Amino acid sequence: MSAATGHPAPTLWEVGDAWLRRACEVVGESAAALNVMNVFPVSDADTGSNLKLTLVGIATAVPDVTRASLDAVVQAAVLSAHGNSGAILAAMVTGVCHRLAEEPLRLRALGAGELVADLLQTTAVAARRAVARPVDGTMLTVADAAAAAARDAAGSGHHVRAVAEAAQQGARVALAHTPDQLAVLAAAGVVDSGGQAYVLLLDALVEVLGGAPAQALTSTGEPRPPRTRHAADVGPTPVEYEVMYALRGASPAALDGLREELSELGRSVVVVGDRTVAQVHVHLVEAGAAVEAALPLGSLSRLRITALPAEVETAGRTVIAVVAGAGLADAVRASGGTAVPGAGGRLTAEVLTEAVGAVGGDLVILPNDMESLEVAGHLAPRLRAEGRRVAVIPTVAQVQGLAAMAVHEPTADFESVVVAMSSAAAHTRHGGVTVAESPAMTMAGRCDTGDVLGIVEGDFVEIGTSVVEVAARVLARLLVAGGELVTLVLGADAPPGLAAELTRRVRHRSPSVTVQVLEGGQARYVLLVGLE
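Model, not experiment: these values are computed from the prediction.

The rules behind each value
Residues numbered from 1 in each chain as written. Predicted model: local features only at pLDDT ≥ 70, side-chain atom pairs only at ≥ 80, totals over all residues. Heavy atoms only, no water. Helix = DSSP H or I, 4+ residues; strand = E, 2+ residues; numbered from the N terminus. Expected span 1.5 Å × (residues − 1). Polar contact = N/O pair within 3.5 Å; in protein donor to acceptor, adjacent residues only side chain to side chain. Pairing = 2+ DSSP bridges. Axes fitted to C-alpha atoms, helices over the stretch in contact; angles between N-to-C directions. Contact = heavy atoms within 4.5 Å. Salt bridge = Lys/Arg side-chain N within 4 Å of Asp/Glu carboxyl O. Buried < 20%, exposed > 50% of the residue type's maximum accessible area, 1.4 Å probe, protein only. Core = buried A, V, L, I, M, F, W, Y, C linked by side-chain atoms within 4.5 Å.

J.: Report on helix H11 (residues 193–208), specifying residues and quantitative values.
T.: Under the 1.5 Å per step criterion, the end-to-end length of H11 is 23 Å for 16 residues, consistent within 8% with the ideal 22 Å. Where H11 begins, the side chain of Asp192 points an oxygen toward the backbone nitrogen of Gly194, at a separation of 3.2 Å. One or two residues past the end of H11 sits Gly210, with phi positive at roughly 100 degrees.

J.: Describe in detail the side chain of Asn35, supporting the description with residues and values.
T.: Along the chain, the position of Asn35 falls in helix H1 (residues 12–36). Here Thr47 takes part through its backbone nitrogen, which lies 3.3 Å from a polar atom of the side chain of Asn35. A distance of 3.0 Å separates a polar atom in the side chain of Asn35 from a polar atom in the side chain of Ser49.

J.: Let's hear about the sheet that holds strand S2 (residues 267–273): which residues, and what values?
T.: Within the open sheet, the 4 strands sit side by side as S2-S3-S1-S4. Their pairing is antiparallel. For this open sheet the edge positions go to S2 and strand S4 (299–307), each flanked by a neighbour on one side alone. Ignoring strand direction, the axes of neighbouring strands in this sheet form an average angle of 10 degrees. Both strand S1 (residues 241–248) and S4 contribute to a ladder of 7 bridges, which runs antiparallel. The residue of S4 that forms the bridge with Arg248 is Ser299. This element, helix H3 (residues 70–80), spans S1, S2, strand S3 (278–284) and S4 of the sheet and lies at about 20 degrees to S3.

J.: Tell me what's going on with the sheet that holds strand S7 (residues 362–366), and back it up with residues and numbers.
T.: If you trace the 4 strands from one edge of the open sheet to the other, you get S6-S5-S7-S8, paired in parallel fashion. Only two strands of the sheet have a single neighbouring strand rather than two, namely strand S6 (338–341) and strand S8 (390–392). Recorded for the sheet is a direction-independent mean angle of 20 degrees between the axes of neighbouring strands. With 3 bridges joining them, S7 and S8 adopt parallel strand pairing. Bridge pairing in S8 places Ile365 opposite Val392. Across the sheet, helix H17 (residues 370–385) touches strand S5 (317–323), S7 and S8, and the angle it forms with S8 is around 165 degrees.

J.: I'd like a description of the pattern of salt bridges, backed by residues and values.
T.: Pairs may arise between side chains of opposite charge once their charged atoms sit close together. Evaluated as defined, the whole model comprises 23 salt bridges. For the salt bridge of Arg473 with Glu462, the shortest nitrogen-to-oxygen distance reads 2.7 Å. Here Arg473 is found in helix H20 (residues 467–479), whereas its partner Glu462 is found in strand S13 (residues 459–464), with 11 residues between them in sequence. A residue is classified by how much of its surface remains accessible, and Arg473, at 32% relative accessible area, is partly exposed. The structure contains a network of salt bridges with shared partners spanning Glu469, Glu501, Arg504 and Arg505.

J.: I'd like to hear about unusual backbone geometry, residue by residue, with values.
T.: At Ser268, a position not held by glycine, the phi torsion is positive, near 50 degrees. With respect to the secondary-structure elements, Ser268 resides in strand S2. Backbone geometry places Asn368, a non-glycine residue, at a positive phi of 70 degrees. Taking relative accessible area as the criterion, Asn368 reaches 4% and is therefore assigned buried.

J.: Go over the nonpolar core, please, and point to the residues and values.
T.: Membership of the largest hydrophobic core comes to 80 residues, with the highest contact counts inside it found for Leu55, Ile88, Met92, Tyr198 and Leu201. Residue contributions to this core peak at 10 residues, all from helix H4 (residues 83–102). Ignoring anything within four residues of it in the chain, the contact list for Leu55 reads Leu20, Ala23, Cys24, Val27, Leu89 and Leu201. Core analysis: the second largest hydrophobic core is formed by 26 residues, Leu475, Leu490, Leu498 and Val513 among them.

J.: Hey, could you go over the pairing of S1 for me, with residue numbers and the actual values?
T.: Most of S1 sits inside the fold, with 7 of its 8 residues counted as buried. Pairing analysis gives 7 bridges linking S1 to S3, with the strands arranged antiparallel. Counted as the bridge partner of Leu247 is Ala278 from S3.

J.: Now, about the pairing of S2: what can you tell me, with residues and values included?
T.: Across the 7 residues that make up S2, a large majority, 5, are buried. Strand direction decides the pairing type here: S2 and S3, joined by 5 bridges, are antiparallel. Within the sheet, the bridge partner assigned to Val270 lies in S3 and is His281. In sequence, S2 turns back onto S3 through a hairpin of 4 residues.

J.: Hey, could you go over the side chain of Thr123 for me, with residue numbers and the actual values?
T.: Tracing the chain through its elements places Thr123 in helix H6 (residues 112–130). Residue class for Thr123 comes out buried when judged on its relative accessible area of 8%. With residues near it in sequence (within four places) discarded, Thr123 still touches Met92, Val96 and Tyr198.

J.: Talk me through the environment of Leu498; I want residue IDs and the actual numbers.
T.: If you trace the backbone, Leu498 turns up in helix H21 (residues 498–509). Between the C-alpha atoms of Leu498 and Leu531, which are 33 residues apart in sequence, the distance is 17 Å. Excluding residues that lie within four positions of it along the chain, Leu498 makes contacts with Val467, Val468, Leu490, Val526 and Leu527.

Next comes the structure, spelled out in structure tokens:
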């Protein structure tokens, strides 16, 4: 019983689930402010966006955190990880899940406060193990301080909320000192953005345990830029890239070896996961070397290569993708592209012209629907006549655009990029689920207003009354041809539990197929599906 309320105390799983949902909200609302203060390891203004995408990916894929769902949480964390900060967060989450799964009897003997301290220590250790070259003054430092404060409080016999509050205070003190440890933070006049995000995660935990409500950050404008040397004092700066990919089948020893090899090739190396699936992250000049290092170790997928900010202009190429929802826009930006929403998710000539005029250099356009493809096709010749290289990849579905973005390599020449992106889009089968707005005759038969319609490759193939059942039939049709990765893009009106139920059915039907979930936020389609 809770001494404060007289009600039964929440279980570990109830606290974990509530924390995950609240953390998504707090970090999501703070994303813009976290982006503003992001100057380390590179000033790419995406820490908040990456952490938001990582948390939302986990929460969407696992709608109910229980002991039985721990494996699903681990897979979702690894596959949802975006950027350096997201990979570190994934390491923290997987570390806690492994701890809970491997030592349930010992942990059960701990008091609630001792358990919180133990798991916070596990979080800090897992994060440091994932990072090849830990740096003081970062998220790792803040996590260490929180764990130490929690251990002290638990050792003094404090109750669970007091332990969490001690960790929260310890983290805040450590965060305030991060500019003393990293000169780049002091020069920009900010604290570490990853460390600030970790404090927010602890704020959410304290709230869930009955403490003070967590408060989202508000952006106060751009930080002062870090000090740089004059061009006369330095030679040419090499182009650097962020490389991320999923690696399956690599042994723990192989992953340790890969972490060390990548740390010799670049920096900001994070490797998280296990033999089933691991996520790899690195910043380096030779993007291909990061891929080659993993090729003998297992099967690679979901490769993302993104030019880091100082070199984006040098690369001289912009990828513009039409998006139908805010979540899809976040995914495009996280992959290094420029998201362009049109009216109702459709591209207009005016919107595209404005977007094109805002950037220079070569252009790759991902229309992502038939109407936008036509608009882009009319504009492209005019841009070419002005001397610009323009390629319109014939993507007719949002999921094809995501697949094309995933293989864009800024270091590659224009023609090679167009071929690779076109191939990725063409090999992505697509489907969707929508609701009929009026009676009509379709290829699947007559539908009435409110009927649920299933679509495969642009054709209506299913009619029903249940979103889940129609979506399952669409997935079954797509999976007939085989594939390795299913992408579920949830619309704004997707019913609760849809992703979890479809994920369960896919794993039952095709255990080797990986499922990734994205909160797309699109209005017209309850669900979009891609199969690669």
